[in-house]
Amino acid sequence: MAHPAMSGSGTTQGDDPLRTAVWRLRSRGCWTDAAALLAPTADRPSVAVERAALLIERCLYTERGWADAEDALRAAEAVAQEDEERGAAACERGYLAYAATLHGVRDRADEARAALGRAAALLGPSAPGRPLLDFRRGLLAQYLSDAPQAARAAYRRAHAGATAQDDALLLSFTWRHLAALALDDGEVAEARHGFAESLRIREELGYLVGTAPALAALADTEPEPEATRLRTEARRLFRLLGGVPTWLAAQLSPRPAV
């Protein structure tokens, strides 16, 4: 099964050197450094939310930095003024609570649901942040509520929205999680296609920190010797990034001969 991962735009927004630098650091798992680049302009609501999102993603991938993420999120909530800005901050609030619950830091499932519900009330159907919100509501349905049908519907809405907005990184996540649900249902060919699309996008974007999980997920649908080749490459990247994401370690453990 695919592990619930962080989503986002995955773009460098043209040739802006700052945007490009932030993306390159994020894609290599250097979230603290990326957030530091945004600190000088974090009085702007959109920048404050992005900075919080980076530090929340760090929590999800490393299981560390919870206090820093909370501080950044509170700062983003404080400067938000418009509905869209408040909705984006609420979406991040729900995601941080979800991550804390998922990693067993503290059960914040009710907070996660309430925050994402608040975000849904603030973000209209055509708002730029709506596909990401739909994706995160799918995560809650799948991993906290054990409601795969609701999760699939939310992921499909997110997938359609990401396609319309040309959000490649979010598409890599919707492909991945739809594939995981397909695999749970025994639809191996469908799952293989989804995992392969997710991997392709991540490799094209240079999203290194998300490539090892994509390789490992695809390996679960491939016959030998391809499965072993994919897991070997995933282990190499996992070690290269210093054991990030932490939750991938168990999936990449050598499997006993049968």
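Preceding block: the structure.
Note that the structure is predicted; figures quoted are calculated from it, not measured.

Chemist: Describe the overall build of the chain, and please don't skip the residues or the numbers.
Modeler: Counting secondary structure elements, the chain contains 12 helices and 0 strands. On C-alpha atoms alone, the chain measures out to a radius of gyration of 17 Å, which is about the 18 Å that the 2.2 N^0.38 rule sets for 258 residues. For the chain, the spread of C-alpha atoms along the principal axes amounts to about 60 × 35 × 35 Å. Look at the contacts in the chain between residues 6 or more apart in sequence, and 58% of them connect residues 24 or more apart. Roughly 11500 Å² of accessible area belongs to the chain as shown, and the carbon and sulfur atoms make up 53% of that amount. Averaged over its 31 positive side-chain charges, the chain has a centre that lies 3 Å from the centre of its 35 negative ones.

Chemist: Account for the nonpolar core, with residues named and values stated.
Modeler: A general trend in soluble globular proteins is that nonpolar side chains are found buried together. Y61 and F135 are the most contacted members of the largest nonpolar core, which has 53 residues in total. Residues A216, L237, L248 and L252 belong to the second largest nonpolar core, which totals 20 residues.

Chemist: Tell me about the packing of aromatic side chains, and please be specific about residues and values.
Modeler: Considering all chains together, one arrives at 7 aromatic pairs under this definition. Ring centres of Y61 and W247 lie 6.5 Å apart, and the angle between their planes is 55°; on these two criteria the pair is classed as tilted. Taken together, the positions of Y61 in helix α3 (residues 45-62) and W247 in the segment after α12 (226-240) put the pair 186 residues apart, joining distant regions of the chain. Between the aromatic rings of F135 and Y155, the centroid separation amounts to 5.6 Å while the plane-to-plane angle is 40°, which identifies the pairing as tilted. Of this pair, F135 sits in helix α7 (residues 130-144) while Y155 sits in helix α8 (residues 148-165), and the two are 20 residues apart along the sequence. In terms of burial, F135 and Y155 fall into one category: buried. One aromatic cluster is present, built from ring pairs that chain together W23, F135, Y155, F173 and Y207. Note that R136 overlies the ring of Y95, its terminal NZ or CZ placed 3.9 Å from the centroid. Between R202 and the ring centre of F173, over which it is positioned, the NZ or CZ distance is 4.2 Å.

Chemist: Kindly report on helix α10 (residues 188-205), identifying the contributing residues and their values.
Modeler: A rise of 1.5 Å per residue sets the reference length of α10, with its 18 residues, at 26 Å; its end C-alpha atoms lie 26 Å apart and thus fit the reference within 8%. Regarding α10, the residues found buried are A191, G194, F195, E197, S198, L199, I201 and R202. Here the buried face of α10 lies against α9 (168-184) and α11 (211-219). Just beyond α10, the residue with positive phi is G206, at close to 75°.

Conventions adopted
Numbers given for residues are sequential positions, taken from 1 along each chain in its written order. Totals for whole chains, interfaces and linings use every residue, but because this is a predicted model, local features are given only for residues with pLDDT of at least 70 and side-chain atom pairs only at 80 or more, for both listing and counting. Excluded from the side-chain calculation are hydrogens and water; included are all heavy atoms of the structure. Numbering of helices and strands runs from the N terminus, with a helix taken as a DSSP run of H or I at least four residues long and a strand as a DSSP run of E at least two residues long. For this measure, only C-alpha atoms enter the radius of gyration; the expected value for a globule follows 2.2 Å times N^0.38, where N is the number of residues. Contacts: residue pairs with any heavy atoms within 4.5 Å of one another. Per-residue and other accessible areas were derived by the Shrake-Rupley procedure at a 1.4 Å probe size, with only the shown protein chains allowed to occlude residues. Asp and Glu count as negative and Lys and Arg as positive, but His and the ends of the chain are not part of the count. Here the site of a charge means NZ on Lys, CZ on Arg, CG on Asp, or CD on Glu. For our purposes a nonpolar core is just a set of buried Ala, Val, Leu, Ile, Met, Phe, Trp, Tyr and Cys residues, chained together by side-chain atoms within 4.5 Å. Note on exposure labels: buried denotes an accessible area under 20% of the residue type's maximum, exposed denotes more than 50%, and partly exposed covers the range between, all computed with a 1.4 Å probe on protein chains only. Two aromatic rings from Phe, Tyr or Trp, using only the six-membered ring of Trp, form a pair when their centres are within 6.5 Å; if the ring planes differ by under 30 degrees the pair is stacked, by over 60 it is edge-to-face, and anything between is tilted. Two conditions define a charge located above a ring, namely a distance within 6 Å from the ring centre to NZ of Lys or CZ of Arg, and an angle within 35 degrees of the ring normal. Helix span, as expected, comes to 1.5 Å for every residue beyond the first.

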